[in-house]
Amino acid sequence: MDVEGNELKILEGGKTIITKYHVPFVVLEFSPVLLKEIGSNPRDLAQLFVDNGYKISFNGFLSKEYITVDELLTRLVNNQRLIYFIHQSMFN
């Protein structure tokens with residue numbers, strides 16, 4: 001998903017896909033700066049996934065190296081990069 005800071009707005013419109021159907025993994029081009037410019041909170045975007053059973057990784061959807069929302073926001077600050085949200089169903 002690469003929508004220049006509109007990720008949270010788009011996901012709120014399709015929230016059922018995340019909350020009910022648990023897509024196995026989602027890859028976002030995550031930019032706190034772009035999210036803030038659009039009026040979204042980067043923490044809210046990451047927390048949406050975590051609250052629905054997803055883990056966060058910088059290293060791909062098969063990685064077992066996960067980080068917290070706080071770590072994500074600290075590491076990115078003003079940078080942009082691909083972030084992987086992996087649903088817990090991928091680990092069963």
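Above this note sits the structure.
An account of the accompanying structure is given in this report. (Residues numbered from 1 in each chain as written. Predicted model: local features only at pLDDT ≥ 70, side-chain atom pairs only at ≥ 80, totals over all residues. Heavy atoms only, no water.)

Time to look at the pairing of strand β3 (residues 81-87). Of all 7 residues making up β3, 5 are buried, and the element is well covered by its neighbours. Strand direction decides the pairing type here: strand β1 (residues 25-30) and β3, joined by 6 bridges, are antiparallel. In the sheet register, L28 faces β3, and the bridge partner there is I83. Here strand β2 (residues 54-57) pairs with β3 via 4 bridges, running antiparallel. Considered in β3, the bridge of Y54 is made with H87. (Buried < 20%, exposed > 50% of the residue type's maximum accessible area, 1.4 Å probe, protein only. Helix = DSSP H or I, 4+ residues; strand = E, 2+ residues; numbered from the N terminus. Pairing = 2+ DSSP bridges.)

Those residues of helix α5 (residues 69-76) lying buried are V69, L72, L73 and L76. Each buried residue of α5 lies within a common arc of 90° when the element is viewed along its axis, so the set occupies one face. In this fold, the buried residues of α5 make contact with β1, α3 (32-38), α4 (42-50), β2 and β3. Directly beyond the C-terminal end of α5, a positive phi value near 35° is found at V77. (Arc of directions from axis to C-beta. Contact = heavy atoms within 4.5 Å.)

In this structure, S57 sits in strand β2. Of the polar contacts made by the side chain of S57, one reaches the backbone nitrogen of N59; its length is 2.9 Å. In contact with S57, other than residues within four places in its own chain, are S63, E65, Y66, I83, Y84 and I86. (Polar contact = N/O pair within 3.5 Å; in protein donor to acceptor, adjacent residues only side chain to side chain.)

Let us now look at the environment of L62. Tracing the backbone through its elements, the reader meets L62 in the loop between β2 and α5. Sequence separation between L62 and F25 is 37 residues, and the spatial gap between their C-alpha atoms is 9.7 Å.

Following both chains from N to C, one finds α4 and α5 inclined at 145°, their axes separated by 10 Å at the closest point. The way α4 lies across α5 gives a crossing that is right-handed. Mapping the contact onto sequence places P42, R43, A46, Q47 and V50 in α4 and V69, D70, L72 and L73 in α5. Looking at side-chain class alone, the contact of α4 with α5 contains 6 nonpolar, 1 polar and 2 charged residues. (Axes fitted to C-alpha atoms, helices over the stretch in contact; angles between N-to-C directions. Left-handed = near helix turned anticlockwise from the far one by under 90°. Nonpolar A, V, L, I, M, F, W, Y, C, P; charged D, E, K, R; others polar.)

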